[in-house]
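Here is what each chain is made of, one letter per residue.
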Amino acid sequence: MASKAPVLVTGLLLAALVCMLRAVAFVSAPNALRGAASPAAAAAAVAMMPEVAEAFSEKEQYQFGLVFIPFFLVFYVAALVRMFTLGKL
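Computed from a predicted model, the values in this text were never measured in an experiment.

### Topic: the overall build of the protein
Move 1: Broken down by element type, the protein carries 3 helices and 0 strands.
Move 2: Along the chain direction, N to C, the helices and strands of the protein fall in the order α-α-α.
Move 3: On the protein, roughly 8,700 Å² of surface is accessible, and the fraction owed to carbon and sulfur atoms is 74%.

Here is the structure:
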């Protein structure tokens, strides 16, 4: 049993190395940006890509807080009431 352990570890390391070597290290460019495409086609492809996600504005965060805080407070107070009425903290 003890003699099989180094063979098993070596086999697992070899399998992991093969998996790492077969993995693709980068994402290829879209077909519209490759080869003999005209600059206009490349510009059109870039223009059609989705925009970067925008973060929430401060106003949207305040509006969310106006709904979330009372909702959370109800459950928080209910949990405290339940703990105090049971007498087990």
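Read on for the rest.
### Quick notes on helix 3 (residues 58–86)
Move 1: End to end, helix 3 covers 41 Å across 29 residues, agreeing with the expected 42 Å (1.5 Å per residue, within 8%).
Move 2: Where helix 3 bends most, the angle comes to about 30°, and this point is Gly 65.
Move 3: Where helix 3 ends, the next residue or the one after it, Gly 87, has phi of about 80°, a positive value.

### Considerations on the packing of aromatic side chains
Move 1: Summed over all chains, the structure comprises 4 aromatic pairs.
Move 2: An angle of 20° between the planes, with centres 5.7 Å apart, marks the rings of Phe 68 and Phe 72 as stacked. Of the two residues, Phe 68 and Phe 72 are both situated in helix 3; the distance of 4 residues between them amounts to about one turn of the helix.
Move 3: Classification of Phe 68 as partly exposed rests on a relative accessible area of 39%.
Move 4: Residue Phe 72 is classed as partly exposed on the basis of its relative accessible area of 48%.

### Looking at a nonpolar patch on the surface
Move 1: A cluster of nonpolar side chains, namely Phe 64, Phe 68, Ile 69, Phe 72, Leu 73, Tyr 76, Val 77 and Val 81, defines an oily patch on the protein surface of about 820 Å² accessible area.
Move 2: As for its position among the elements, Val 81 is in helix 3.

### Some thoughts on the environment of Thr 85
Move 1: Looking at where Thr 85 falls in the secondary structure, it is placed in helix 3.
Move 2: Of the polar contacts made by the side chain of Thr 85, one reaches the backbone oxygen of Arg 82; its length is 3.0 Å.

How each quantity is defined
Residues numbered from 1 in each chain as written. Predicted model: local features only at pLDDT ≥ 70, side-chain atom pairs only at ≥ 80, totals over all residues. Heavy atoms only, no water. Helix = DSSP H or I, 4+ residues; strand = E, 2+ residues; numbered from the N terminus. Areas by Shrake-Rupley, 256 points an atom, 1.4 Å probe, with all protein chains shown as cover. Expected span 1.5 Å × (residues − 1). Bend = angle between axes of the 7 residues up to and from the residue. Phe/Tyr/Trp six-rings, centres within 6.5 Å; stacked < 30°, edge-to-face > 60°. Buried < 20%, exposed > 50% of the residue type's maximum accessible area, 1.4 Å probe, protein only. Patch = residues over 30% accessible without salt bridge, like charges linked within 9 Å, V, L, I, M, F, W, Y side chains within 5 Å. Salt bridge = Lys/Arg side-chain N within 4 Å of Asp/Glu carboxyl O. Polar contact = N/O pair within 3.5 Å; in protein donor to acceptor, adjacent residues only side chain to side chain.

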